[in-house]
Amino acid sequence: ASTKHVVIQHDRGVSFDDAIKLLEESAAGNEGRPRSGDGFYESKRNLIGRTSKSYICVIQRPPSADELKYMTMREHVFRVFRPSTGLGRPSGILDIRDTYKLVTAEQARAGWEGQYAEALSQCMHGPTCRNGAACQVGTRL
């Protein structure tokens with residue numbers, strides 16, 4: 001009998017073009033209009049140890065019964081997509097606006113594409129991570 005070692009990698013990242021498609025699909029389900037709060041957001045502070053900002057794409061959706069338990073007030077729930085790790089945990093708009101500010105797609109493009117490319121080979125801690133290439137926190141693969 002032989003032994004086989006198989007490595008499976010899954011790219012979790014979301015390209016800028018895919019994020020645009022997600023926003024367009026959401027708008028199509030709302031008579032072609034973007035839902036309130038949908039769009040790209042830029043972090044108010046720089047990433048740890050860097051001079052660049054973080055970007056997310058958020059899309060409104062109705063909250064599930066489980067999510068309603070954790071909401072401190074009645075607010076819309078958003079699916080949060082990141083260029084490096086894709087779909088994250090749902091968040092309320094108030095929490096999003098505490099950390100991020102709404103920007104246009106064109107304002108987000110360069111930063112989003114930079115984070116998407118960087119996350120293929122570098123962890124979220126940046127080039128000075130003490131664990132070096134072994135660290136995979138926040139990477140696409």
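Calculation rules
Residues numbered from 1 in each chain as written. Predicted model: local features only at pLDDT ≥ 70, side-chain atom pairs only at ≥ 80, totals over all residues. Heavy atoms only, no water. 1 Å grid on protein atoms, 1.4 Å probe; cavity = no way out; pocket = protein on both sides within 12 Å on 5 of 7 lines; lining within 4 Å. Points joined across faces, edges and corners; volume = space filled by probe spheres on them. Helix = DSSP H or I, 4+ residues; strand = E, 2+ residues; numbered from the N terminus. Nonpolar A, V, L, I, M, F, W, Y, C, P; charged D, E, K, R; others polar. Salt bridge = Lys/Arg side-chain N within 4 Å of Asp/Glu carboxyl O. Buried < 20%, exposed > 50% of the residue type's maximum accessible area, 1.4 Å probe, protein only.

## Observations concerning the layout of surface pockets
So, step 1. Its volume calculated, the largest pocket comes out at about 550 Å³.
So, step 2. Lining the largest pocket are 23 residues, and of these Leu47, Ser54, Arg82, Gln115 and Met124 lie nearest its centre.
So, step 3. Elements supplying a minimum of two residues to the lining of the largest pocket: β1 (39–46), β2 (53–61) and α4 (105–118).
So, step 4. Looking at which element gives the most residues to the lining of the largest pocket, the answer is β1, with four residues.
So, step 5. Taken together, the residues of the lining of the largest pocket break down into eight nonpolar, ten polar and five charged.

## Re the pattern of salt bridges
So, step 1. Under the definition given, this model contains five salt bridges.
So, step 2. For Arg33, the salt bridge is made with Glu31, and the minimal N-O distance between the two is 3.2 Å.
So, step 3. Judged by its relative accessible area of 47%, Arg33 falls in the partly exposed class.
So, step 4. Close ionic contact of Glu42 with Lys101 constitutes a salt bridge, the shortest N to O distance being 3.5 Å. Of the two residues, Glu42 is situated in strand β1 and Lys101 in strand β6 (residues 100–103); the sequence distance between them amounts to 59 residues.
So, step 5. Several salt bridges share partner residues, and in doing so they unite Glu106, Arg109 and Glu113 into one network.

By themselves these figures say nothing about function.
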